[in-house]
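# Examination of the molecular architecture
Here is how the chains run, residue by residue.
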Amino acid sequence: MADTDSSDAFVAFERVQKSYDGETLVVKDLNLSMPKGEFLTMLGPSGSGKTTCLMMLAGFETATHGEIKLDGKPINNIPPHKRGIGMVFQNYALFPHMTVAENLAFPLEVRKIPKSEREEKVKRALDMVQMGAFGGRRPAQLSGGQQQRIALARALVFEPELVLMDEPLGALDKQLREHMQFEITNLAHSLGITTVYVTHDQTEALTMSDRVAVFDDGRIQQLAPPDQLYEAPQNSFVAQFIGENNTLIGTVKSIDGEFCKVQLEDGEVIDAKAVNIGEVGTKTQVSIRPERVEYNRERMAEGVHTLKAEVLEFIYMGDIFRTRLRVAGKDDFVIKTRNAPDQVRLKRGEQIEIGWLPSDCHALDA
Amino acid sequence: MTDRTTGPDQFTGATPDNALRDADRAEAASGPMLAADGTPLKKSLNRALRRQKMRALMLIAPLLIFILVAFIAPIADMLFRSVENQIVSETLPRTVDSLEDWDHTTGDLPSEGTFRALYVDMFIAAEKKEHTRLGTRLNYEQTGVSSLFRRTGRDVDDFGELYEDQFNDLDAAWEDPMTWARILGDPDWIAEAEGAEAPGPDFVLRDGVETALPTTAEVYSAFAEFTQTEDEDNPLEETPWTLVYTALYWDLMRDGFAYSGPESALVTAAAEAAPGFETVSMQENFVESDKDWGSTAVWSTIQTYAPEYTPGYFLNSVDAQLTPDGIEARPENEQIYGILFKRTIFMSMTITISCILLGYPVAWILANLPMRTANLLMILVLLPFWTSLLVRTSAWKVMLQQQGVINDILVWIGLVDDANRLIMINNQFGTIVAMTHILLPFMILPLYSVMATIPPTYLRAAKSLGANDWTAFWRVYFPQSVPGIGAGSILVFILAIGYYITPEIVGGTTGTFISNRIAYHISSSLNWGLAAALGSILLAAVLILYWAYDRIVGIDNVKLG
């Protein structure tokens, strides 16, 4: 799902800005377009502007500047209840004074759908989230996971083409959350709904989405499918924010097409992929994923550049080993190795040599 | 992550849901849960909590006792007065007894025996000065009884003079207090009392004298007791009441009179002479004193109110009265309490509704503004609380009166003609305006505290589901604020229904409440029984409304914050 032209996009933000106090922008020049049926996640730390974007799309906040389009039509001046966008709220916002069935019937009632049809739709929606037997209960009588399902069913029951979800799984325990992630994506894909999902949980973003928009400082730092985001971060923020990451600071020594040489602070020179760097002589942050680092000579590719390292800590984590090393004067360099039968278990104080493929090592902005 | 599609019930593992389900299953399988030592878990839990409960009880004990002594007990005592009626049977015990067989429907006056009983009762009551209190009490039921009792109380002293004179003429010994004491008193008591400093030892009746001279013995005992306790004199030195002479005459005239004992010669001589005495009927005496005694009306009132407990006050409070023929409605021009109760409830409801209408938007704004602004506005809401109630009410008087601020402004603008200034005070309007203002904080505060707990996401959710602003408010926000309306309404209504000062000041005649009438009976007319009955009815009305409210809205839906 590569970049979509904004003209045939289902949802489009065009040069959108938002300010609450007239002094600072919480959303800076946002451009985003989504095709129909896409599951897009807005990921970012709190205060990065992702929820504001969602609220502007839902109609609860107005854009200070720019245009938001839904299905080609600008919706800036359409009140929320006329936008026809389904929404799942962080705390579900199930109406406590109504039963589950009444909650689900509410959007149909306000749309003046006849009673028989309404009942049928409610039943179908409840069955869809496997809550058919709970129609007569009050939200307070349901567990968190069940409330979550009902909130989802309520957002879908009036068959919106776009569904917004604002950290819907934040209140669930880990196991239930993983289960619900799977259910939500399944549902979204099987119904073919376009979904905008807001979260600050990167695992959620990576496992659920077609594309992830990483927000920081009111801007989209990178908009890409999960694998690209993880394996080819565009800048050091994305590299740091998504997954675990080792950073080495250095200076660009020479650039050779796709690759470059970086001189680290202790003088060692390494090969790296030139992703986002300035000219020769400028500072750069080199980022390497812990699982792409190798210390077993036999497993290393030919001609790999190696660095000396000292083992500071070895942690047994079951499926993987996590080892903390001192590399190039920094002692927070982490490597992860699979717990394979022939894997060497390092000991504290051991002196080893580590290496990686230049393509796994990204030179980014400092 | 698995590919299996799982519903909530197939989802296994340690979720809170499953833990609860497991607990349910365990209980269903094994009956009541047992503690480690085999006792039922509930029992050992109760035991563990008992100490805690005792401590809690100890903590509230001082307040509890204070409330019992200073609040519950006086109120209970006061309410009890609404049915209490011992005064009639205590002041006129013999008359009440004697009236039991009298049938007022025949139109005949009670028998001479009843008049005699009344004479005895009246005489003693008049000596004790209790007859006026009874007169006041019976005057609530029949006007004129009060002055009747006062007049007869004065005259009753003379009724027996006729007999006193004849006994004294017969033998001068009858003038001597010692003669009476020897006939009626215990010899040991006389020995002790003789020469003793007044009032002397308590009077003791001679054994056997009651059989020979029953009435005399009874009234002489009353005389002796009264002399000793009230006048603090020695009965040996006091000439008995004329009542005692009359009683002796009646005893001597009794069929089968026989006497043996001290002074038997004197008594026998008197017994022989008595049939020749000039007599007068007590009925004549009473009717002569006041002709009302000759009508059955007074007598049937005494008979009707003879029981120790009476529904009379309550009937009065609902514009009815207890007559000898049963319960009757009062004449139309005397009915006031029904109107007052209806007016009290109607005006309290109007005030409650006005408070809801005015308070709801304010509470809404308070709940939805940023904290700092909301706190500032809250001070404005609370400001009236910190001002004296009298000041606020008087301020309304200044505002609303015909020469007051509002009228002046209206005249100045030209909306109202100077000659036809609006009457906005000393009527229902004034009371409603002033009380709505005074009670408004009691509506706003619970409303605010409930609204503050309704997250704004509900409104957003409703709008995102397609509801317009009004539907979202009416279907989603309003139902959740109902507990606040309920709490505020109960508070305002119950406060309003018993309000006293404000209606007193601004209510005039048409804007007063039942509580003003209660206050009038407590402090001016001193008809505490009626005040208590009115108060009990008011209390019952509030409790019934509270119960009805609980049935309709549910009291656990009421939140004060």
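All figures in this text were calculated on a predicted structure; none of them were measured in a lab.

### Some words on the pairing of strand 2 (residues 326–329) of chain B
Residues and elements named next belong to chain B.
- Across 4 bridges, the pairing between strand 1 (residues 320–323) and strand 2 is antiparallel. Among the inter-strand pairings, Gln321 is bridged to a residue of strand 2, identified as Glu328.
- As consecutive antiparallel partners, strand 1 and strand 2 are separated by 2 residues.

### Regarding the domain arrangement of chain B
- When its domains are assigned, chain B resolves into domain 1 (38–76), domain 2 (87–156 + 283–310), domain 3 (160–279) and domain 4 (339–557).
- Placing a centre on the C-alpha atoms of domain 3 of chain B and another on those of domain 4 of chain B gives a separation of 71 Å.

### Quick notes on the nonpolar core
- Ranked by internal contacts, the top residues of the largest apolar core, which has 107 residues, are Leu57(A), Ala153(A), Leu164(A), Ala213(A), Val214(A) and Ala363(A).
- Broken down by element, the residue count for this core peaks at 6 residues, all from helix 4 (residues 144–156) of chain A.
- Not counting residues up to four positions away in its chain, the partners in contact with Val214(A) are Leu43(A), Gly44(A), Ile220(A), Gln221(A), Gln222(A), Leu229(A), Val238(A) and Phe241(A).
- Listed in part, the 61 residues of the second largest apolar core include Tyr163(B), Val219(B), Leu248(B) and Ala274(B).

### Remarks on the sheet that holds strand 16 (residues 320–327) of chain A
All names here are of chain A.
- Spatially, the 4 strands line up as an open sheet ordered 17-16-15-18, and their pairing is antiparallel. If you trace the sheet from one side to the other, it starts and ends with strand 17 (330–338) and strand 18 (351–355), each paired once. The average undirected angle you get between the axes of adjacent strands in this sheet is 50°.
- Sheet analysis places strand 16 next to strand 17, joined by 7 bridges and oriented antiparallel. In the strand pairing of strand 17, Arg324 is matched with Val334.

### Considerations on the domain arrangement of chain A
- Along its sequence, chain A is carved into domain 1 (6–235) and domain 2 (244–364).
- Each of domain 1 of chain A and domain 2 of chain A has a C-alpha centre, and these two points are 39 Å apart.

### As for the UniProt feature "domain: ABC transmembrane type-1" (unreviewed entry) in chain B
- Mapped onto this structure's residue numbering, the UniProt feature "domain: ABC transmembrane type-1" (unreviewed entry) falls at residues 341–549 of chain B.
- A helix fraction of 77% and a strand fraction of 0% characterise residues 341–549 of chain B, whose end C-alpha atoms lie 19 Å from each other.

### With respect to the UniProt feature "domain: ABC transporter" (unreviewed entry) in chain A
- The sites that UniProt annotates as "domain: ABC transporter" (unreviewed entry) are residues 11–242 of chain A.
- As annotated, residues 11–242 of chain A has a helix share of 36% and a strand share of 25%, and its two end C-alpha atoms lie 25 Å apart.

### Let's talk about the confidence of the model for chain B
Residue and element names in this part refer to chain B.
- Residues of chain B with pLDDT of at least 70 account for 93%, and the chain-wide mean is 86.
- Of all secondary-structure elements in chain B, the lowest mean pLDDT belongs to helix 1 (residues 16–30), at 54, while helix 18 (residues 337–368) reaches the highest, 93.
- The model gives residues 1–13 a pLDDT under 50, and that stretch makes 12 contacts with residues more than four places away or in other chains.
- Overall fold confidence (pTM) sits at 0.76, and the ipTM for the predicted complex is 0.83.

Calculation criteria
- Position labels on residues start from 1 in each chain and follow its written sequence.
- To label them, take the chains in the order written and letter them from A, then take the ligands in the order written and number them from 1.
- Residues qualify for local features only when their pLDDT is at least 70, as the model is predicted, and side-chain atom pairs are given and counted only at 80 or more; totals for whole chains, interfaces and linings, by contrast, use all residues.
- Note: two strands are recorded as paired if DSSP finds a minimum of 2 bridges between them.
- Only DSSP runs of H or I reaching four residues or more are called helices, and only runs of E reaching two or more are called strands; each is numbered from the N terminus.
- How far each domain reaches was decided by an automatic or database domain assignment.
- What makes a nonpolar core is a set of buried Ala, Val, Leu, Ile, Met, Phe, Trp, Tyr and Cys residues, with links drawn between C-beta atoms within 7 Å.
- Comment: burial labels come from other C-beta atoms within 10 Å of the residue's own C-beta, placed from the backbone, where a count of 20 or more is buried, 12 or fewer is exposed, and between is partly exposed.
- Whether two residues are in contact is decided by their C-beta atoms, placed from the backbone, lying within 7 Å.
- To obtain an axis, a line is fitted to C-alpha atoms, over the contacting stretch when the element is a helix, and the angle between two such axes runs from 0 to 180 degrees between their N-to-C directions.
- UniProt positions are given in the numbering used here, feature names are shortened, and annotations may be inferred rather than shown by experiment.
- pLDDT runs from 0 to 100 and stands for how confident the predictor is about each residue.

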